[in-house]
Amino acid sequence: MGHFRVRSSEFRGRKAVRSPKSKTVRHWTLDIGHWTFLFFVSCFLFLSSCALKPKYIVENYSSPEKIAVLPFSNQSIDFDAPVLLRKLFNNELIDRGYNSISSEEIDAKLLEMGISDGGQLASVDPKEIGEKLNVNGLIYGDVIEFKYTTLGFYCARTVEANFKLIGVGVPYDTSLLLWEDERKVSHKDFNFTNVGGALVSQLAEKMVDKALRSPLKKEADEVVNTSVRTLPRRIR
């Protein structure tokens, strides 16, 4: 029995000696948990700050009941660009919950006003256009850049555009800029191993795109999709 008591005492002694180390381990565990928590909070705040935001949105935004996507103006040298981007934008707008009237109806009524091109819209009062089309929201688009750059060793596909939503009529007292966004997408590729073959391939790709009347479709999709995602979804 005495021998047993001695070993028990020694055991208790060892526990007493190791106890501070256990506390240190627990402190390290708490510190790791603390820093892990701070890391995830920092990541969340960083991602929140990187969330898509429009170039401008009016305070207390209220979505129009009915919208017309007007013909887009064009600063590029590609005549298909404004037609393609307008169609893509209209489709994305509908998916976002907005009520958009058809392009055919818009173009027919604008023609009655003597407007046949998006570049003419800047000279007409938006309120007058809204009354003619019987809508209280107008989308203006401007194609800034829409081009292929093909040099054999280097290829770039670039699309840049600006979009605005103007509120007209009720409930807006006057023509009011509700939302604006501008995006640019450029995909680049380098090829130094077979410059001649790469140039032929790039030119062929460009010709096929033009023949199908869908030039720079991937880049145009990305520009439009990203911009429309910054527009608040309309709940019907």
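My aim in this report is to walk through the structure given alongside it, one point at a time.

Considering the nonpolar core
Part 1 of the argument: Grouped together as the largest cluster of nonpolar side chains are 30 residues, with contacts concentrated most on Leu85, Phe89, Leu93, Ile139, Phe146, Phe163 and Leu165.
Part 2 of the argument: Secondary-structure elements contributing two or more residues to this core are β2 (67–69), α2 (81–95), β4 (137–150), β5 (154–167), β6 (176–190) and α6 (217–228).
Part 3 of the argument: The element contributing the most residues to this core is α2, with six residues.
Part 4 of the argument: Setting aside chain neighbours within four positions, we find isoleucine 139 in contact with Ile67, Ala68, Val69, Leu70, Phe72, Phe89, Leu93, Lys164 and Leu165.

Considering the packing of α2 against α6
Part 1 of the argument: Two numbers describe how α2 lies on α6: the axes approach to 9 Å, and their chain directions differ by 40°. Comparing their axes, α6 and α2 come out oblique. The handedness of the crossing between α2 and α6 comes out as right-handed. Residues Leu84, Leu85, Leu88, Phe89, Glu92 and Leu93 of α2 form the contact with α6, whose participating residues are Lys217, Ala220, Asp221, Val224, Asn225 and Val228.
Part 2 of the argument: Residue composition of the contact of α2 with α6, grouped by class: eight nonpolar, one polar and three charged.

Conventions and cut-offs
- Residues numbered from 1 in each chain as written.
- Predicted model: local features only at pLDDT ≥ 70, side-chain atom pairs only at ≥ 80, totals over all residues.
- Heavy atoms only, no water.
- Core = buried A, V, L, I, M, F, W, Y, C linked by side-chain atoms within 4.5 Å.
- Buried < 20%, exposed > 50% of the residue type's maximum accessible area, 1.4 Å probe, protein only.
- Helix = DSSP H or I, 4+ residues; strand = E, 2+ residues; numbered from the N terminus.
- Contact = heavy atoms within 4.5 Å.
- Axes fitted to C-alpha atoms, helices over the stretch in contact; angles between N-to-C directions.
- Parallel < 35°, antiparallel > 145°, perpendicular 65-115°, else oblique.
- Left-handed = near helix turned anticlockwise from the far one by under 90°.
- Nonpolar A, V, L, I, M, F, W, Y, C, P; charged D, E, K, R; others polar.

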